[in-house]
Amino acid sequence: MAARSAASRQASVRVGERFAFTVARVPGDRPAEEAEDRTLHLVVGADDSGAMTFVIMLPDED
């Protein structure tokens, strides 16, 4: 929902475009009492047939 909201703020979405969004994440590697905000990126792409694809990644990933 956060990714959709980030993308929907644009009038149009183009292939290769990146959208930053924030989610609340509870770490799985240690006990946590509350969630931490984590920024992720949604990247819009196209597959071999031209259909729109979406990839969610960390901000420092390509």
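Residues numbered from 1 in each chain as written. Predicted model: local features only at pLDDT ≥ 70, side-chain atom pairs only at ≥ 80, totals over all residues. Heavy atoms only, no water.

Participant: Explanation requested: the overall build of the protein chain in the structure shown.
Facilitator: Within the protein chain, the regular secondary structure consists of one helix and three strands. Taken from the N to the C terminus, the helices and strands of the protein chain come in the order α-β-β-β. When the 62 residues of the protein chain are sorted by exposure, 23% land in the buried category. In the protein chain, once contacts between residues fewer than 6 apart in sequence are set aside, the share between residues at least 24 apart is 23%. For the protein chain, the exposed surface amounts to about 4800 Å²; the carbon and sulfur share of it is 50%. (Helix = DSSP H or I, 4+ residues; strand = E, 2+ residues; numbered from the N terminus. Buried < 20%, exposed > 50% of the residue type's maximum accessible area, 1.4 Å probe, protein only. Contact = heavy atoms within 4.5 Å. Areas by Shrake-Rupley, 256 points an atom, 1.4 Å probe, with all protein chains shown as cover.)

Participant: Before we go on, may I ask you to explain the sheet that holds strand E1 (residues 18-25) in this structure?
Facilitator: Pairing between sheet strands relies on hydrogen bonds along the backbone, with the strands arranged either parallel or antiparallel. With respect to topology, three strands assemble into an open sheet ordered E1-E2-E3, the strand pairing being antiparallel. Strands at the two margins of the open sheet, each flanked by one partner only, are E1 and strand E3 (52-57). Each strand axis lies, on average, 30° off the axis of its neighbour in the sheet, ignoring direction. (Pairing = 2+ DSSP bridges. Axes fitted to C-alpha atoms, helices over the stretch in contact; angles between N-to-C directions.)

Participant: Explain the side chain of His41 to me, please; I cannot follow it from the model alone.
Facilitator: By secondary structure assignment, the location of His41 is in strand E2 (residues 36-46). At 2.9 Å, the side chain of His41 and the side chain of Arg18 are in polar contact. In contact with His41, other than residues within four places in its own chain, are Arg18, Phe19, Ala20, Phe21, Val55, Ile56, Met57 and Pro59. (Polar contact = N/O pair within 3.5 Å; in protein donor to acceptor, adjacent residues only side chain to side chain.)

Participant: Help me understand the pairing of E2 in this model?
Facilitator: Each regular strand shows side chains that alternate between the opposite faces of the sheet. Here eight bridges tie E1 to E2, and the two strands are oriented antiparallel to one another. Counted as the bridge partner of Arg18 is Val43 from E2. With antiparallel pairing between neighbouring strands as the criterion, E2 and E3 make up a hairpin whose turn holds five residues, including Gly50 at a positive phi of roughly 95°.

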